[in-house]
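Structure assessment
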Amino acid sequence: MQQRYASGTVGALIDTNFVTPVTRQVLKERMAMAEAKPCFFDSPAFDLLSIVCDRLMAQDSENRIVNVALFIDERLKNKTSDGWRYNTMPPDEKMYLKGINGIEETANLSFKKPFSQLTISQQTEILGAIQKGTAEGAIWKEMESPLFFEELLTEVTEIFFSYPLVQEEIGFVGMADANGWVNIGLNGRDGIEPEVIISNTP
Amino acid sequence: MRSYQNNEIVDVIVIGTGAGGAPLLARFAKAGLKAVALEAGKHWDPKADFATDEKEQNKLFWNFERLSAGKDPIPFGKNNSGIGVGGSTLHYTAYTPRPHPEDFHLYSDFGVGEDWPITYFDLEPYFDELEQFLGISGPSPYPWGPPRKTSYPLPPLALNGPAQLMQRGCKKIGINTSPAANAALSAAYYQEHVGWRQACTNRGFCQAGCSTGAKASVDVTFIPLAVHYGAEIRPECFAINFERNGTGSITAVVYKKNGKEERQLCHNVFLCAGTVETPRLLLLNNTANSSGQVGKNFMAHVGLQVWGEFEEEVRPNKGIPGGLISEDMRRPKDADFASGYLIQSIGVMPVTYAAQLARSGGIWGEALRTKMQAFNQVGGINMHGECLPDVNNYLELSDELDETGLPKPRIYFTAGENQKRMSIHGEAVMRRIWTEAGAKNILSHHRNAHTIGTCRMGNSGDKAVVNAAGRSFEVPNLYICDNSVFPSTLAVNPALTIMALSLRTADLFLSQKN
Ligand SMILES: Cc1cc2nc3c(=O)[nH]c(=O)nc-3n(C[C@H](O)[C@H](O)[C@H](O)COP(=O)(O)OP(=O)(O)OC[C@H]3O[C@@H](n4cnc5c(N)ncnc54)[C@H](O)[C@@H]3O)c2cc1C
Ligand code: SF4
């Protein structure tokens with residue numbers, strides 16, 4: 001992936017007065033969380049979920065910015081909800097455990113191998129089939145795979161883009177707003193906001 | 001803060017401290033009534049507690065699980081439901097347009113929907129009062145609607161990137177626009193008994209809580225006023241039950257605090273817990289439902305959003321998110337639907353935007369990462385359009401329990417034909433505006449916004465839950481005042497109207513009492 005913004009912008013700002021104390025605390029706790037150990041999922045389930053999260057966010061599993069699965073584990077352990085779920089879907093804990101088994105089942109049926117041993121393109125193919133509702137397997141007859149995929153993808157996306165180093169990658173330093181913003185119109189850049197280093201117009 | 005004993009019979013208990021609960025609480029306290037507010041959530045100190053971080057600020061949302069059913073299931077939580085002293089105003093975007101007189105008689109005009117038992121002009125003095133008290137920033141004269149008796153007290157906030165883009169696109173195709181009315185201060189503002197509130201610093205973070213106090217959420221406006229006049233606010237007190245006497249009147253509200261049940265004696269109850277929690281509480285206790293209308297006609301505005309990527313840097317996270325408005329589509333001439341809609345520019349934060357690309361665009365992997373690289377060039381516009389009441393859209397109690405130990409509500413919602421047509425119309429108009437403004441890679445996000453209805457007001461006890469004064473037809477000392485009493489949605493963001501109804505409900509109650 002092409003890098004549009006320089007690295008290090010968030011790191012350079014986080015300990016300055018541009019970031020409020022409460023914001024700094026939250027961001028630092030989040031970065032520390034990324035070192036935690038899973039406790040809701042057993043280790044095979046956690047490893048599989050970690051790889052699935054990597055595919056969804058196009059991360060290199062050997063060189064991740066953040067393991068999203070840790071944050072899902074943490075939420076399920078704490079039994080917190082986001083306020084709603086589709087009436088036709090099981091509760092989140094059950095949905096995740098079932099969904100992970102479903103992914104493994106589809107991998108075995110499609111390629112006769114566990115999901116973790118498939119190539120990236122095979123893994124991507126399986127996740128695509130789950131999104132479309134064409135994946136093989138008995139579990140997807142009990143739980144609608146497109147809805148599972150939508151719920152999973154949305155949670156993974158929210159966690160990933162909440163991570164400070166990922167925000168840095170998209171040129172966002174909105175967390176450094178203790179003094180507010182001045183240049184808010186089109187092409188208005190405030191001094192601490194990063195500039196594009198490689199430009200490709202949309 | 002003044003406080004009352006549970007066994008002291010207070011004049012009023014207000015359940016919920018959001019847009020509906022806070023204004024009437026302040027009114028009652030000012031009139032010298034003994035008033036206690038029970039609020040399920042915390043009482044935050046925005047400066048110390050609100051981080052500039054979307055994920056952390058999820059603490060402002062009602063995250064007890066609800067079940068979303070029907071063909072267009074409504075996402076709750078961060079999409080529409082708040083908790084804490086201030087309710088959903090803690091995270092509202094601060095759009096405060098007024099409804100128009102014709103919004104109140106949709107049935108008379110179109111033969112569909114409902115007429116309200118009151119008119120725009122019953123609420124007009126309250127709109128005037130609210131705009132002054134809250135310190136609304138907006139243009140005077142306002143280009144749409146009937147002439148006004150008052151001007152906005154502050155000039156409009158500066159236009160951010162998305163607002164400038166909408167202005168550019170609309171100009172090219174002859175759609176009128178104006179800087180919008182927003183409940184955020186364009187200059188420091190003094191409120192009697194509240195003090196000075198500082199001007200908006202363009203953080204753009206309104207939907208995740210305003211840490212500067214510039215946004216007129218009710219926790220920094222009506223709540224301090226209520227406390228000044230002697231009201232007691234009890235945070236983290238969850239109302240679960242009513243005790244009633246032989247005549248059916250409520251004598252006490254039972255609530256949970258720190259896991260223990262307590263009961264506060266009272267003469268009157270004002271239920272202001274919002275469109276989902278108000279009917280849930282009534283259904284749980286089989287109260288005020290002789291009409292069978294509690295939970296019925298759940299509504300949500302047609303809220304389609306259109307996003308585009310621009311050559312310019314937009315940096316959509318900065319500035320008041322909803323800077324520009326057009327009300328030209330309130331009654332479009334070429335409409336094949338009843339009523340109409342507003343168009344508003346929208347800024348956005350990265351997590352919210354990314355989650356939309358994921359959930360509604362189904363975008364992931366490299367495609368999502370690449371798309372998010374253009375975040376600083378993204379701008380949005382959205383519509384808020386009338387949703388017609390429909391008996392097939394309703395709330396019921398499920399047999400699953402939520403984290404509070406009460407049955408989860410299940411809410412059915414399917415967008416009707418009128419909404420579908422309006423959404424198609426709005427999408428075409430907004431895509432044209434965005435194309436003219438120079439947008440590439442335009443994406444639409446279908447959405448139903450705000451939670452409205454479920455305890456409608458009306459003239460007759462067999463068709464409505466409360467009368468035009470907000471009083472239950474069945475329980476003589478129970479009043480409801482929140483988004484649930486709306487008989488129709490009105491083609492406008494709801495908070496200002498809820499607050500106006502709240503002040504009116506209080507004044508009617510006080511005048512009958514005297
Ligand atoms: C992200 C977002 C943006 C929005 N933007 C705008 C906007 O720009 N303009 C606009 O007009 N509107 C906007 N809205 C909508 C607006 O905030 C709501 O319509 C309005 O606040 C609803 O008022 P209410 O009194 O019905 O409920 P709420 O404001 O939600 O208040 C209900 C309160 O009751 C409490 N409660 C519930 N049950 C209990 C119980 N059993 N015991 C004790 N307390 C209880 C809740 O905790 C809550 O504090 C937005 C909403 C969201 C979510
Ligand atoms: S944009 Fe203004 S009103 Fe909104 S959160 Fe920021 S300071 Fe508060």
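The structure presented is a predicted model; accordingly, all values stated were derived computationally and were not measured.

**Concerning the packing of aromatic side chains**
If you walk through the whole model with that rule in mind, you get 30 aromatic pairs over all chains. Their ring planes at 20° and their centres at 4.6 Å tell us that Tyr394(B) and Tyr412(B) sit as a pair that is stacked. Remark: Tyr412(B) occurs in strand β17 (residues 407-412) and Tyr394(B) occurs in the loop between β15 (378-385) and β16 (395-401); sequence separation between them is 18 residues. An aromatic cluster is present here, built from Phe172(A), Trp307(B), Tyr353(B) and Phe375(B) joined pairwise through their rings.

**Quick notes on the site of ligand 2**
All names here are of chain B. With respect to spatial proximity, the complete set of residues near ligand 2 consists of Ala184, Cys200, Thr201, Arg203, Gly204, Phe205, Cys206, Cys210, Thr212 and Lys215. Applying the majority rule of atoms within 2 Å of the grid points places ligand 2 in the largest cavity. Split by residue class, the shell around ligand 2 holds 5 nonpolar, 3 polar and 2 charged.

**Points about helix α2 (residues 21-33) of chain A**
If you check α2(A), its first and last C-alpha atoms are 18 Å apart, about what 13 residues at 1.5 Å a residue would give, namely 18 Å. Those residues of α2(A) lying buried are Val22(A), Thr23(A), Arg24(A), Val26(A), Leu27(A), Arg30(A) and Met33(A). Close packing links the buried residues of α2(A) with α1 (9-14), α4 (68-78), α8 (145-162) and α9 (164-169) of chain A together with α2 (46-49) of chain B.

**Notes on the site of ligand 1**
Residues and elements named next belong to chain B. Not every one of the 40 residues close to ligand 1 is listed here, only the nearest: Gly20, Glu39, Ser88, His91 and Ala495. One of the side-chain nitrogen or oxygen atoms of glutamate 39 is found 2.6 Å away from an oxygen atom of ligand 1. Note that an oxygen atom of ligand 1 is positioned 3.1 Å from one of the backbone N or O atoms of alanine 94. Isolated, ligand 1 exposes 1,000 Å² of accessible area, and the fraction of that covered by the protein chains is 95%. At the level of elements, β8 (237-244), α7 (274-284) and α11 (495-513) are the ones that each hand at least two residues to the shell around ligand 1. For the shell around ligand 1, the element with the highest residue contribution is β8, accounting for 3 residues. The residue inventory of the shell around ligand 1, partitioned by class, reads 17 nonpolar, 19 polar and 4 charged.

**Comments concerning the side chain of Thr221(B)**
Residues and elements named next belong to chain B. Here threonine 221 lies in the loop between β6 (195-197) and α6 (222-228). A polar contact is formed between the side chain of threonine 221 and the backbone oxygen of serine 217, at a distance of 3.0 Å. Apart from residues lying up to four places away in sequence, threonine 221 is in contact with Phe133, Leu134, Gln191, Val194, Arg197 and Ala216.

**A short note on the interface of chain A and chain B**
Across the contact, 65 residues belong to chain A and 70 residues belong to chain B. Here chain A packs against chain B, burying approximately 5,600 Å² in sum over the two surfaces, 54% of which is carbon and sulfur. The tally of links between chain A and chain B comes to 11 salt bridges. Across the pair Glu193(A) and Lys318(B) runs a salt bridge, and its minimum N-O distance is 2.5 Å.

**Here's the deal with empty space enclosed by the protein**
All names here are of chain B. Counted according to the given criterion, the structure contains 5 cavities of 30 Å³ or more. For the largest cavity, the calculated volume is near 90 Å³. If you trace the largest cavity, you find 14 residues lining it, with Cys200, Arg203, Cys206, Cys210 and Thr212 closest to the centre. Within the lining of the largest cavity, the residues separate by chemical class into 7 nonpolar, 5 polar and 2 charged. When its volume is computed, the second largest cavity comes out at roughly 60 Å³. If you go around the second largest cavity, the residues you meet are Trp307, Gln356, Leu357, Ser360, Gly361, Leu443, Ser444 and His445. With 3 residues, strand β18 (residues 440-445) is the single largest residue contributor to the lining of the second largest cavity. Of the residues that constitute the lining of the second largest cavity, the class distribution is 3 nonpolar, 5 polar and no charged.

**As for helix α6 (residues 120-132) of chain A**
Residues and elements named next belong to chain A. Between the first and last C-alpha of α6 there are 18 Å, a value that for 13 residues agrees with the 18 Å anticipated at 1.5 Å per step. Buried within α6 we find Gln123, Ile126, Leu127, Gly128, Ala129 and Ile130. Those residues of α6 that are buried are in contact with α3 (43-56), α5 (92-111), α7 (139-142) and α8. Just beyond α6, the residue with positive phi is glycine 133, at close to 90°.

Cut-off values and rules
- All residue numbers here refer to positions counted from 1 along the written sequence of the relevant chain.
- All chains are assigned letters beginning at A, and all ligands numbers beginning at 1, according to the order in which they are written.
- A pLDDT threshold of at least 70 governs which residues receive local features in this predicted model, and a stricter bar of 80 or more applies before side-chain atom pairs are shown or counted, although totals over entire chains, interfaces and linings include all residues.
- To get the side-chain values, take all heavy atoms of the structure and skip hydrogens and water.
- Stacked, tilted and edge-to-face are the three classes assigned to paired rings of Phe, Tyr and Trp, where Trp is represented by its six-membered ring and a pair needs centres within 6.5 Å; plane angles under 30 degrees give stacked, over 60 edge-to-face, the rest tilted.
- The helix count covers DSSP runs of H or I at least four residues long, the strand count covers runs of E at least two residues long, and both are numbered beginning at the N terminus.
- Being near a molecule or strand, for a residue, means having at least one of its heavy atoms within 4 Å of it.
- Using only the protein atoms, space was sampled on a 1 Å grid; points where a 1.4 Å probe fits but cannot get out form cavities, open sets with protein on both sides within 12 Å along at least five of seven lines form pockets, and lining residues are those with an atom within 4 Å of a point.
- Here the criterion for a molecule occupying a pocket or cavity is that more than half of its atoms lie within 2 Å of the pocket grid points.
- Throughout this entry, Asp, Glu, Lys and Arg are counted as charged residues, while Ala, Val, Leu, Ile, Met, Phe, Trp, Tyr, Cys and Pro are counted as nonpolar. The remaining residues, Gly among them, count as polar.
- Helix span is expected to be 1.5 Å times the residue number reduced by one.
- Per-residue accessibility, obtained with a 1.4 Å probe over protein chains only, is compared with the maximum for each type, and a residue is labelled buried under 20%, exposed over 50%, and partly exposed between these values.
- The contact criterion used is simple: two residues touch if any of their non-hydrogen atoms lie within 4.5 Å.
- Any pair of N or O atoms that falls within 3.5 Å is considered a polar contact. Within protein, one atom must be able to donate a hydrogen and the other to accept it, and sequence-neighbouring residues count only if both atoms are side-chain atoms.
- Working definition of accessibility: Shrake-Rupley area with a 1.4 Å probe, residue cover restricted to the visible protein chains.
- Joining two parts hides part of their accessible area as seen by a 1.4 Å probe, and the buried area is that hidden amount summed over both.
- Salt bridge criterion: a side-chain nitrogen from Lys or Arg within 4 Å of a carboxyl oxygen from Asp or Glu.
- Grid points are joined across faces, edges and corners, and a volume is the space filled by probe spheres set on the points.

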